[in-house]
Amino acid sequence: MATVTQSPPPAPAPAQAPRAKPPRKRGRRTPYLLLLPGLLWLFVFFALPVIYQASTSVQTGSLEDGYEVTWHFATYWDALSAYWPQFVRSVLYAASATVLCLVLGYPLAYLIAFRAGRWRNLIMILVIAPFFASFLIRTLAWKTILADSGPVVEILNALHVLDVTSWLGWTAGDRVLATPLAVVCGLTYNFLPFMVLPLYTSLERIDPRLHEAANDLYARPSTTFRRVTLPLSMPGVVSGTLLTFIPATGDYINADLLGSTDTRMIGNVIQTQFLRILDYPTAAALSFILMAAILFAVTVYIRKSGTEDLV
Amino acid sequence: MTFVNWLKRRLVVIAGLLTLGYLLLPVVVVAVFSFNKPKGRFNYEWQEFSTDAWRDPCGVSGLCGSLSLSLQIALWATLGATVLGTMIAFALVRYRFRARGAVNSLVFLPMAMPEVVMAASLLTLFLNMGVRLGFWTILIAHVMFCLSFVVVAVKARVMSMDPRLEQAAQDLYAGPAQTFLRVTLPIAAPGIAAGALLAFALSFDDFIITNFTSGSTVTFPMFVWGSAQRGTPVQINVVGTAMFVVAVLLVLVSMTVGNRRKRQKA
């Protein structure tokens, strides 16, 4: 304990080792030999399955008689027209959770980076450690927290907050569980660390002298934040939003455990189609659409935000 | 007025601490409810204090079996992903070769894709090949999705390494193998360790990909998922709490040791 409360190690100076050219190694085959096993693994178990899935999505047939590629693109049309509400819902929920994560996570990342002092390490541990306690169990804990007769719902009811949220369609009656609000709350909770950590990394890199300089030039704290801190933390904002939005869109655990049949997301549909209804072409088509949509959105987002050196 | 000013100055700290509370609240609930004695099958409402579950953590059939299966899979997946990922990371940083862009995207894409897509496509492959789902298919899937994270962690460390150290070793007549073992590997070790730790955590706690690739094999997250449908035993809270405590303790111990080493060197 004593060591944790000590002053944190100085922020590692960006390691600018004089970057000489990579030493020329003998053996021009070495890089390929190093790459081969891992890339083969990724190719066979990641790239190839995506191709298989694309082919499955244009097959027709049945479980008993087997499937055959018939270039039946109508599956895509049918799947979209049957499940577009779930698609829209997934994007809405994931976007709300991402915005909430940003709003909640920024102060925490800022606190760790600039204000925590000797508590920095301890707070970092507390942010990361829940990762190691099964997230399914932690998600189930929200069932207790948001229970119908629990203190949270009672307080919200007494303050008439639930009347407002019901009117907005986020909750139903005086319940929070089994409503969109509960699902978004669970999504926000589950992916919050993925927002905090990249934010912290980019905030921590900011030279504190820049703040002093802004102060010396008579910038108010709010101006300093708007003109110095926020722009410099944009890489963290971009990678944080990606790390939150992508998994949140495909998630079906929160919608299943905390939601109802009216809050089903596209992940729920893909899971049921694949594992219970066994309608493989439809499931593959849905999954393919989700993949294409996410890749498209991510590419556009990275281009727009101008941080292509994320990887 | 002074109070308002005080509040204004501490607004960030207060908001940050509130977020931290939001993050920790479920952990606290899990821990508290590990001492509950529920009436029905579900452990969602507080009844009375009891240490029954702590005294008999394996008292629910299938729980400890699933836990040990998850540990085995996580260990093997960590080993596989760490070895393969470290090799890729070294190749990416240290060598120039053709098709670097393609390699980078193949490594990056698994992280930019929702798990459910990877899981579903992997399942179509297994079904098409007629592979029996179980331990091996789970392991294959876990190595696949942990690999990229190891590459990123190791790459960051190797990139910040001073190449002159290796040149110095070679000037001092160390052979390639000796240079690698005595200089390169020790310096890269923290990155490799971070990658391995991440892989372990990801694999051990993975649900979505396991859900698709496990067939009827039950890992710990699968067990929790099943019990959410049938009735949650208090014992899963015991396991969750224990994992949290162990993780925090391990980090604290490693930091203490690290700090002591640093002080000795200084």
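Definitions and limits used
Residues numbered from 1 in each chain as written. Chains lettered and ligands numbered in written order. Predicted model: local features only at pLDDT ≥ 70, side-chain atom pairs only at ≥ 80, totals over all residues. Helix = DSSP H or I, 4+ residues; strand = E, 2+ residues; numbered from the N terminus. Rg over C-alpha atoms; globule rule 2.2 N^0.38 Å. Buried ≥ 20, exposed ≤ 12 C-beta atoms within 10 Å, placed from the backbone. Contact = placed C-beta atoms within 7 Å. Nonpolar A, V, L, I, M, F, W, Y, C, P; charged D, E, K, R; others polar. Pairing = 2+ DSSP bridges. Axes fitted to C-alpha atoms, helices over the stretch in contact; angles between N-to-C directions. Parallel < 35°, antiparallel > 145°, perpendicular 65-115°, else oblique. Left-handed = near helix turned anticlockwise from the far one by under 90°. Core = buried A, V, L, I, M, F, W, Y, C linked by C-beta atoms within 7 Å.

Visitor: Looking at this structure, I do not really get the overall build of chain B. What am I missing?
Guide: A tally of helices and strands in chain B yields 12 helices and zero strands. The C-alpha atoms of chain B give 23 Å as radius of gyration, which overshoots the globular expectation for 266 residues (18 Å, by more than 25%). Principal-axis analysis of the C-alpha atoms gives chain B an extent of 70 × 70 × 40 Å. Counting over 266 residues, chain B shows a buried share of 40%. Taking the contacts inside chain B whose residues are at least 6 apart along the sequence as the reference set, 77% of them involve residues at least 24 apart.

Visitor: Quick question: what am I supposed to make of the interface of chain A and chain B here?
Guide: Size of an interface: often given as the accessible area lost when the parts come together. Facing the 79 residues of chain A at the interface are 80 residues of chain B. Tallying contributions element by element places helix H1 (residues 30-57) of chain A first for the side of chain A that touches chain B, with 19 residues. Residue composition of the side of chain A that touches chain B, by class: 61 nonpolar, 14 polar and four charged.

Visitor: Just to check I follow, could you spell out the pairing of strand S2 (residues 66-69) of chain A for this structure?
Guide: Residue and element names in this part refer to chain A. Examined bridge by bridge, strand S1 (residues 59-62) and S2 share four bridges and lie antiparallel to one another. Bridge pairing in S2 links Ser-62 to Gly-66. If you look at the hairpin formed by S1 and S2, you'll find three residues sitting between the two strands.

Visitor: I would appreciate a short explanation of the environment of Phe-114 of chain A in the present structure.
Guide: Residues and elements named next belong to chain A. When you line up the elements, Phe-114 lands in helix H2 (residues 74-115). Judged by C-beta crowding, with 17 C-beta atoms within 10 Å, Phe-114 ranks as partly exposed. Separated by 90 residues in the primary sequence, Phe-114 and Glu-204 have C-alpha atoms spaced 7.6 Å apart.

Visitor: How should the packing of H1 of chain A against helix H13 (residues 280-305) of chain A be read in this particular structure?
Guide: Helix-helix packing is described using two parameters, namely the angle between the two axes and the distance between the axes. All names here are of chain A. Remark: H1 packs on H13, axes separated minimally by 7 Å, with the N-to-C direction vectors making an angle of 125°. Taken as axis vectors, H1 and H13 run oblique relative to one another. Taken as a pair, H1 and H13 cross one another with a handedness that is left-handed. Contacts between H1 and H13 pair Gln-53, Ala-54, Thr-56 and Ser-57 from the former with Tyr-280, Pro-281, Ala-284, Ala-285, Ser-287 and Phe-288 from the latter. For the contact of H1 with H13, the residue count by class is six nonpolar, four polar and no charged.

Visitor: Explain the packing of helix H4 (residues 135-145) of chain A against helix H11 (residues 220-230) of chain B to me, please; I cannot follow it from the model alone.
Guide: Closest axis-to-axis distance for the H4 of chain A/H11 of chain B pair is 9 Å, and the angle between their directions is 25°. Considering their axes alone, H4 of chain A and H11 of chain B lie roughly parallel with respect to each other. Contacts between H4 of chain A and H11 of chain B involve Leu-136, Ile-137 and Leu-140 of chain A from the first element and Pro-221, Val-224, Trp-225 and Ala-228 of chain B from the second. Considering only residue class, the contact of H4 of chain A with H11 of chain B consists of seven nonpolar, no polar and no charged.

Visitor: Explain the nonpolar core to me, please; I cannot follow it from the model alone.
Guide: Soluble, globular proteins show a tendency: their nonpolar side chains are buried together. Membership of the largest hydrophobic core comes to 140 residues, with the highest contact counts inside it found for Ala-109 of chain A together with Ile-88, Ala-120 and Cys-146 of chain B. The biggest single contributor to this core is helix H7 (residues 180-204) of chain A, with 15 residues. Residues within four places of Ala-109 of chain A in sequence aside, it is in contact with Val-196, Leu-199, Tyr-200 and Leu-203 of chain A.

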